[in-house]
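A closer look at the structure
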Amino acid sequence: MTEPVIEMEGISKSFPGVRALSDVSFDVRPGEVQALVGENGAGKSTLIKILSGVYHADAGTVRMHGKAVHFTHPVDSLKSGIAVIYQEFSLLPERTVAQNLFLGREPRGRFGLIDTARMRRETRDVLALFAAAGRIDPDQTVGSLDVATQQVVEIAKAVSTGARVIVMDEPTAALNEAECEELFETVDTLRERGVAIIYISHRMREITRLADRVTVLKDGEIAARFDDLPPPDAIVRAMVGRDIADFYAPPATEAEIGAPVLTVRGAGNDRLDGIDLDVRAGEIVGLAGIQGAGRVALAMALFGHAPFTHGEVTLDGAPVAFKTPREAIRGGIGLLPGDRKSEGLVLMQSVRDNGMLTSRAFAPLWGRAKRNRHTDETAMDGLLDAMEIRAASYDQEIRGLSGGNQQKAIVARWLSMRPRLLIFIEPTRGIDVNAKAGIYHLMRDLARDGAGILMISSDLPEVIGAADRILVMQNGKIAAEFPHGATEPQIMHAATGETEVAA
Amino acid sequence: MVIAVATNQTQYLSLENLIAILGRSIALGITAIGQTFVILVASIDLSVASLISATSVLASVIMDGAPAMIVPAVLACLLLGAFVGVLNGLIVSALKVNPLIATLGMSLIIQGCLSAFVSNFAGSVPEAFQIFAYGQIGGVPVALVFLVLLALLAWGILRFTKFGSDIYAAGGNDEAARFAGIKTGRIVVLTHVICSVCAAIAGLYLASRLRSGAPWIGADGVYDLESIAVVVIGGTVLAGGRGGIWGTMAGMLIFSLIDSAFNIAGVDSFAKQVLRGIIIVAAVAFYAIRSKRIVA
């Protein structure tokens, strides 16, 4: 067995009022993928930040190749060969791939000027390691690449710095199924080259696909350490401290499903074609498909953001044609956007203000801001209480809350509007396991109260576990429909169009 | 030109007229080159107009007609520029004051100090120094040659040096640049020094052209807002990280062409202002729409 590249021993770290890590030991060897799992707040990011020199441990040692190291700045760790790939890429969209790869360490030629030819050549050499190399031109600006390809550039950047340890922090958060598979192959390539990989993820499927060893953190302590790949249940149990059985809410019973809330017949626009869709009261309909299949376009059409140009839509039996989100909201549709931070929240406003955002938008312009039918703060506090939002106070800025609690505040925002149809886009993206379960149960409760729910998700197990019925989209059309209990391969086949050949 | 020919008003196509227009463009061009640097790092400089006034007065007072004092005067102006640039840069990067406010404050401070000493033309510029504004090399004004060389130098720095690459990085994503080991604070200070030194050079040029310095020439020329306008028309993004010198030069050309066209046509200057306003807004709207198309 090879010697570890990185050994962290007895690491402890406290922040004012919080003990983030206590006596955590962790190591990773060359050519292995060490999965680091745990809920948000379990201490994963703190551990990584200590490794990369952003934070300093209160106690404990970090050894690299057996020698104790003290990183005081991220640049120190980078120079020693540790690269961290964060969820939000540190790439410059306006600069070329080559310029990004060599950012801050451009090769110099004559007169100390940048040697662009060498930069381009070395960029090509590094990119050649990856399957995506054919899609990337070193002179292309990074902003013109899709998210998955940008991630390849980010990883290539790490490789080109000669990184011996690469940390990936939830690398698949923004990727679709096919792109995930490509990422996995990239990870395999790195592993074969002897790079040590620390892979942080919530998704069991990725861990079982990639990990050689698994370390589970819970509340700043090591909850479990597996030297072989354990069954997923064991990991989840260690992570949440309870069984997974009640993770998803039970599906709707026949009695719970009522009349159609939403019907769409033969609708389409420039992105969508021939959409026929029913969502019944009490029902959660899952929308699966690959990125660009039209799922978000469908949501935006229903929500009036990019409306249907033809076809018929009825809401509670009455024909409707929403041309703006405002009309759609007034008609009884709510939408929880996929990118919470940029589309859903006003980060610098309080939890309560975020909850009131929509209802205030529908209050009379000259009404009293604090109290009227639409803007009753007491009622909002009640809703926030019912969501069990964990916040020091509802006056706290919402950006300080965890992803799950932020999502609940957005749900509360819509509940105050009493919507007939709620559209969730990627409802649990970047949310930890326990909070995920909370969101699933919340969705089920909303459905039981008679709302129809349309859930768009790129996380297949989630669609399968949480939805009563699954629609699969492909190329702007609804390609297939499955009842509760469909399997991942069935859905993937439909999403990639292979069923048409089979049928 | 077209207007002049079309309306048969060729008498306005005098050399003096053209020189006047060019003179205004050169000071604007020099200032805008500096402004491009600070805007590329997502900062901005509103103090250039006051600094132009201050350096023009400083140059003309130190020279006071004596050719021997040219070199000390030029050095003093460049030093003043560098000093103001360092201050601006430190206030923005170390004290984290919004650059709009930091340089607005600096502008008021400079203008206030200046007004305490002089209220009109002060000192005089020896003939030897007037070559900067009036001299010619093979029929081409010295100042124009200087502007072109300065633009080439700026382009070279941005395109071929690590410093240039660091400017785009710091402006594009400060955090990412810092994580790549770039000392972004230093980059911000340096770009401010470049900007202020450029403004100081513009002040020297105007002193040479007016044969004396005056405390109002910077404000009179609206060099602060116009240099920003020219940079933005040239496609450099106020948020930083994207743009370049040639866009700025094109923006400057557009402005001076409008000037000359209107001067020749003899239309009142209100219409000129309106047209400039339209061009600024239209240019930015065009860039915004185009960049959205690329994303979609």
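If you're wondering where the values come from, they're calculated on a predicted model, not measured in any experiment. (Residues numbered from 1 in each chain as written. Chains lettered and ligands numbered in written order. Predicted model: local features only at pLDDT ≥ 70, side-chain atom pairs only at ≥ 80, totals over all residues.)

**Thoughts on the overall build of chain A**
- Helix and strand content of chain A: 18 helices and 20 strands.
- For chain A, whose C-alpha radius of gyration is 24 Å, the value lies close to the compact-globule estimate of 23 Å for 503 residues.
- Overall, chain A is about 70 × 55 × 50 Å in size when its C-alpha atoms are taken along their principal axes.
- When the 503 residues of chain A are sorted by exposure, 46% land in the buried category.
- Taking as baseline every contact in chain A between residues at least 6 positions apart, the subset at least 24 positions apart corresponds to 68%. (Helix = DSSP H or I, 4+ residues; strand = E, 2+ residues; numbered from the N terminus. Rg over C-alpha atoms; globule rule 2.2 N^0.38 Å. Buried ≥ 20, exposed ≤ 12 C-beta atoms within 10 Å, placed from the backbone. Contact = placed C-beta atoms within 7 Å.)

**Considering the nonpolar core**
- By size, the foremost hydrophobic cluster in this structure holds 235 residues, and its most contacted members are Ile423, Met443, Ile453 and Met455 of chain A together with Tyr205 of chain B.
- Looking at this core element by element, the count peaks at 17 residues for helix H10 (residues 184–210) of chain B.
- For Met455 of chain A, the residues in contact, after removing those within four places along its chain, are Ile284, Val285, Gly286, Leu287, Phe424, Pro427, Met443, Ala466 and Ala467 of chain A. (Core = buried A, V, L, I, M, F, W, Y, C linked by C-beta atoms within 7 Å.)

**What to know about the packing of helix H14 (residues 403–415) of chain A against helix H15 (residues 433–448) of chain A**
Residues and elements named next belong to chain A.
- At their nearest, the axes of H14 and H15 sit 9 Å apart, and the two run at 20° to each other. In terms of axis orientation, H14 runs roughly parallel to H15. Both H14 and H15 take part in a crossing whose hand is left-handed. For the pair formed by H14 and H15, the contact residues are Gly403, Gly404, Gln407 and Val411 on the first element and Ala435, Gly438, Ile439 and Leu442 on the second.
- When the residues that make up the contact of H14 with H15 are grouped by side-chain class, the tally is four nonpolar, four polar and no charged. (Axes fitted to C-alpha atoms, helices over the stretch in contact; angles between N-to-C directions. Parallel < 35°, antiparallel > 145°, perpendicular 65-115°, else oblique. Left-handed = near helix turned anticlockwise from the far one by under 90°. Nonpolar A, V, L, I, M, F, W, Y, C, P; charged D, E, K, R; others polar.)

**Brief notes about unusual backbone geometry**
All names here are of chain A.
- Although it is not a glycine, Asp316 sits at a positive phi angle of roughly 50°.
- Here Asp316 shows up in the loop between strand E14 (310–315) and strand E15 (318–320).
- Even without a glycine there, the phi angle at Glu426 is positive, about 45°.
- As for its position among the elements, Glu426 is in the loop between strand E17 (421–425) and H15.

**Looking at the domain arrangement of chain A**
All names here are of chain A.
- Structurally, chain A comprises domain 1 (6–240), domain 2 (246–332 + 420–503) and domain 3 (349–418).
- Among the secondary structure elements, those contributing two or more residues to the side of domain 1 that touches domain 2 are helix H6 (177–192) and helix H8 (232–240).
- Among the residues making up the side of domain 1 that touches domain 2, the classes are represented as five nonpolar, three polar and three charged. (Domains from an automatic or database assignment.)

**Quick word on helix H12 (residues 223–233) of chain B**
- Within H12 of chain B, 10 of the 11 residues are buried, which leaves it mostly tucked inside the rest of the structure.
- After H12 of chain B finishes, the residue Gly235 of chain B shows a positive phi value of roughly 95°.

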